[in-house]
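Working through the structure, step by step
Given next are the chains, with one letter for each unit.
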Amino acid sequence: MSDKEMRNAQKDESMIIQKEMIAEHYKRLERAPETKEPVVYTFVPGNLTELIRSFGCLPVLPEINALQSGMRGKSREYIAEAEKRGHSEDVCTYVKCDIGMAMAGNIGPTGTKLPKPDLLLLSYTGCYTFMKWFELLREEYDCPCVFLHVPYQGEGEIEPEHREYMVKQIKDEVIPALEKISGNKYDEEALKERLRLSVQAEDDLVWVLQSAMQKPSPIDAYFGAVYYVGPIFSAFRGTEEGVNYYKALRREVQGRLDAGLGPVAPKGPMAEEKYRIVVEGPPNWTHFREFWQMFADEGAVVVASTYSKVGGTYDFGFRHNPDDPLGTMGDYCAGCYTNHNLPGRIDMLCQYLKDYEADGFLINSVKSCNSFSAGQLMMLREVEKRTGLPGGFIESDLVDPRYFSAANIKNRLESYFQMVEARRSSSAQKGMSA
Amino acid sequence: MTPSPRAQIVDWATEIYEDLEFTVVREWLDAQPGRKAAGFLPVYAPKEVIHAAGMLPVGIHGNGAIEIIRGDAYYQSYICHLPRSVVELAESNRLDFLSAALFPSTCDVIRNLSGMWQIMFPDMYVRYMHLPQVADPVLGAQFWQRELNVIREGLGQVAGTTVGDDQLRASIGIYNEVREVIGQLYALRSKQPWKVPTEELYLLMRAGEVVAPEVFMDQARAYLAAAENSDERIKDRTRVIIVGSFCEQPPLGLIKTIERAGCYIVDDDFLAGNRFMTKAVPTAGDPAANLATTFTSSAVKTSVLYEPDPKGKKSLMQERAAAARADGIIFCAASFCDPALLDRPMLREGAEAAGIPCIAFKFAENSGQFQQFREQAGTFSDSIKLWGDAS
């Protein structure tokens, strides 16, 4: 696809609504130094957006900024800048992109300047690198950092003592830190109200994601879902804007379902759903639309993905509970996808393949992210063994364009879909002869 | 000619280090029916708890000498080497003596390996250990105490026993002695590095990861006595600290190369788990609580734990250089090691701001060519000797 075609790529109505919401949020962030709204940087997995908002603070998610920089073609220069300053070529490119962006004036995704953080809320959830990232940002911004240790689900469940440990930290560390920077006292009723709004948005999001169980699927649950999860994973959980967005999205998807339409890919609506695929791993952001179009060109629709669960595994039943505001935040944090152990992640993939009646699964293994990538080759074999469905493995990176080889990925995808086709023909033949 | 007692100790340690079959562990297990061994991955594991369950703590540190046949099928090229050799050891049945395995929260690779282990060895006791990360030492200690008790109960079940307080206190006492002798060895090397070549110290420490603590202490004390009495004379070398090799271990050849390039290593991170707590653990009172509070109050400053002090990263290298009277720092991390490589810019900036000369390179445990390291370390050493005072 040419750059011009990419720019003219079709957008859903909900994408336009979201764009406006985000633009407004970044404008508000830009004005924060004047309006004195405190700014809290935090991470997508384990974000405590409702709590942050309940203090009148504005959240900033550095991963979102990094991926947006990747999509806008800025990440190469940012990464180069960070590497010049001694950051290793081996480590997470989100971190280097973010640091490079800060060094280049901290201009955010919408072209407005991002304010410095008043607080770094280090929700240590499912990713070791988060800890180093905020230690690095603390040096960059010379601001306070509050740490929330979220224990990993090593045993495949949230242990009650771990939950209690998280609640104590939220109560004794996180809330006092937010009180200090905002000048506001903790207001549990305000938090509960925000959590009620979260539940509404979560219900609608799950409905949208699970619409992919229909044939044809009205959505793409990987590339498309990146947009769908944007508001709830970032600044808009627990807000009226978030609720309204998800209502609109649901209406839109319902409309497509009623009309029997498939998802809208970068070059337009998909005419045919030839393959139903489950995807594990984050997407590449520097060539996002090109990557998506490779799937669309093959008639492949992603019906479920694990990446769209990094900010919460709502489709497995979790909802924020307004009656237990601090406990529910602990549950939320511990339940984010990358905080699940490897057997749990394998179970999830197998469940998706079954529930969504998929033809197979693909792993996009990104160089930057050991949290996702370490163990994925074993996941590939285990899921194949347990489901009998074909798995494919492709490699790229989050935001470093040097690691996206379009020709290699396209070749692998074509081979993979040929394999799926061959399996399908073979199954059909067996069925006929039986 | 009979080798000197010191040379015999080094030969003993070398043999253990080079043995990919863990013969010394197997012999320990065979010596008495019913004995069991528990493995642990880097960096830190509470060996006291394993020992108190009557089991042998066995450090699983990979091995650069092993030919990787199966391990590469589990890992992409951009993941460090350590888990490949660990999986290779496991898949080739070289770790079939393990009854339990503990995986500390060192990084995401080791974390995810814990899940892989659960799948590969469904009958083995496998526990992912969340080291306490919070700044509040009381809350951190409460959390870690509970984790320790979970591990204690789990290992007790594997060993077919209940790990009582008295057993745990006794094991704490033994490991206090281990820490003390290791501290003495490190202190001697820092003071008179010509008497304790790091190549030898490292081999001894590596042997200490797989033998019973009582055996290790005998050998370590004998080595210490021999080293103290050594008449080795000081050479004109640069005193350096090696930083960043706390998880995947460098090949022995790299350690030798750095020393032979004109450096005395006066402090390092190798096998950092054996020096993770910088104080003795009290032996009176609740032993799990003592282990936990000693951890939260005296854990070494390292990349695998959150640094609550905003100035902590910047000042750490200066503090370590001052304590070891080091002339320079060599940042020596394994390729793709997130903890070491993400920390490096902060640590290096702090060191350079304090006027401490630094260089950095990366290795893999199976690195076989040392020429580039020799040139870098040699040039670094020469430059400090020639111009060190000029700055």
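Below is a summary of the structure that appears in this document. Bear in mind the structure is a predicted one, so any value in this text is a computation, not a measurement. (Residues numbered from 1 in each chain as written. Chains lettered and ligands numbered in written order. Predicted model: local features only at pLDDT ≥ 70, side-chain atom pairs only at ≥ 80, totals over all residues. Heavy atoms only, no water.)

1. Thoughts on the sheet that holds strand 7 (residues 328-334) of chain B
Residue and element names in this part refer to chain B. Across the sheet, four strands lie side by side as 6-5-7-8; this open sheet has parallel pairing. Of all strands in the sheet, those with a lone pairing partner are strand 6 (263-268) and strand 8 (358-363), marking the two edges. The mean angle between the axes of side-by-side strands here comes to 30 degrees, regardless of whether they run parallel or antiparallel. Strands strand 5 (238-243), strand 6 and strand 7 of the sheet are contacted by helix 12 (residues 312-324), whose axis makes an angle of about 140 degrees with strand 5. Packing against the sheet, helix 13 (residues 338-353) makes contact with strand 5, strand 7 and strand 8, and its axis sits at approximately 165 degrees to strand 8. (Pairing = 2+ DSSP bridges. Helix = DSSP H or I, 4+ residues; strand = E, 2+ residues; numbered from the N terminus. Axes fitted to C-alpha atoms, helices over the stretch in contact; angles between N-to-C directions. Contact = heavy atoms within 4.5 Å.)

2. What to know about the sheet that holds strand 7 (residues 275-280) of chain A
Residue and element names in this part refer to chain A. Spatially, 8-7-9-10 is the arrangement adopted by the four strands of the open sheet, whose pairing is parallel. Two strands lie at the open edges of the sheet, namely strand 8 (300-305) and strand 10 (391-396), each paired on one side alone. Between one strand and the next, the sheet's axes are offset by a mean angle of 35 degrees, whatever the strand orientation. In terms of strand pairing, strand 7 meets strand 8 through five bridges, oriented parallel. Looking at the pairing, valine 279 lines up with serine 305 of strand 8. Packing of helix 12 (residues 288-297) onto the sheet brings it into contact with strand 7, strand 8, strand 9 (360-366) and strand 10, and relative to strand 8 it is tilted by some 115 degrees.

3. Here's the deal with empty space enclosed by the protein
Summed over all chains, the structure comprises eight cavities of 30 Å³ or more. Roughly 190 Å³ of volume is contained in the largest cavity. What lines the largest cavity is a set of 16 residues, among which Ile16, Tyr17, Phe22, Arg206 and Val210 of chain B lie closest to the centre. For the lining of the largest cavity, the secondary structure elements donating two or more residues are helix 1 (5-18) and helix 2 (23-30) of chain B. Taken together, the residues of the lining of the largest cavity sort by class into eight nonpolar, five polar and three charged. If you add up the space inside the second largest cavity, you get close to 150 Å³. For the second largest cavity, the lining is made up of 17 residues, of which Tyr124 and Tyr152 of chain A together with Ser105, Arg111 and Tyr128 of chain B are closest to its centre. The residue inventory of the lining of the second largest cavity, partitioned by class, reads nine nonpolar, six polar and two charged. (1 Å grid on protein atoms, 1.4 Å probe; cavity = no way out; pocket = protein on both sides within 12 Å on 5 of 7 lines; lining within 4 Å. Points joined across faces, edges and corners; volume = space filled by probe spheres on them. Nonpolar A, V, L, I, M, F, W, Y, C, P; charged D, E, K, R; others polar.)

4. Side note on helix 12 of chain A
Working note: α-helix, 3.6 residues per turn, so residues spaced by three or four point in the same direction. Residue and element names in this part refer to chain A. Burial runs high along helix 12: eight of the 10 residues are buried. Among the residues making up helix 12, those that are buried are Phe288, Arg289, Phe291, Trp292, Gln293, Met294, Phe295 and Ala296. A positive backbone phi angle near 75 degrees is found at glycine 299, which sits one or two residues after helix 12. (Buried < 20%, exposed > 50% of the residue type's maximum accessible area, 1.4 Å probe, protein only.)

5. A closer look at the interface of chain B and chain A
Many structure descriptions define interface size as the accessible area lost when the parts assemble. Each side of the interface is counted separately: chain B has 53 residues, and chain A has 54 residues. Here chain B meets chain A over a buried area of about 4,800 Å², counting both sides, of which 56% is carbon and sulfur. By the criterion of area lost to chain A, the three top residues of chain B are Tyr78, Tyr306 and Leu342 of chain B, representing 15% of everything that side buries. Remark: the boundary between chain B and chain A carries nine salt bridges. Between glutamate 159 of chain A and arginine 146 of chain B there is a salt bridge, with its nearest N and O atoms 2.8 Å apart. The interface formed by chain B and chain A contains 32 residue pairs in polar contact (both at pLDDT 80 or more). Put simply, the parts of the chain that give the side of chain B that touches chain A at least two residues each are helix 5 (108-120), strand 4 (125-129), helix 6 (137-159), helix 12 and helix 13 of chain B. Per element, the largest residue contribution to the side of chain B that touches chain A is nine residues, and it comes from helix 5 of chain B. (Buried area = accessible area lost by both parts, 1.4 Å probe. Salt bridge = Lys/Arg side-chain N within 4 Å of Asp/Glu carboxyl O. Polar contact = N/O pair within 3.5 Å; in protein donor to acceptor, adjacent residues only side chain to side chain.)

6. Quick notes on the packing of aromatic side chains
Residue and element names in this part refer to chain B. Following the criterion strictly, the structure yields 46 aromatic pairs over all chains and no others. Seen from their ring centres, phenylalanine 22 and phenylalanine 97 are 5.4 Å apart, and the 50 degrees between their planes marks the pair as tilted. Residue phenylalanine 22 is located in the loop between helix 1 and helix 2, and its partner phenylalanine 97 is located in the loop between helix 4 (82-91) and strand 3 (98-104); the two are separated by 75 residues in the primary sequence. Accessibility expressed as a relative area gives 13% for phenylalanine 22, which makes it buried. Aromatic side chains phenylalanine 361 and phenylalanine 373 sit 4.9 Å apart centroid to centroid with 55 degrees between the ring planes, which places their arrangement in the tilted category. (Phe/Tyr/Trp six-rings, centres within 6.5 Å; stacked < 30°, edge-to-face > 60°.)

By themselves, these observations are geometric and do not establish any function.
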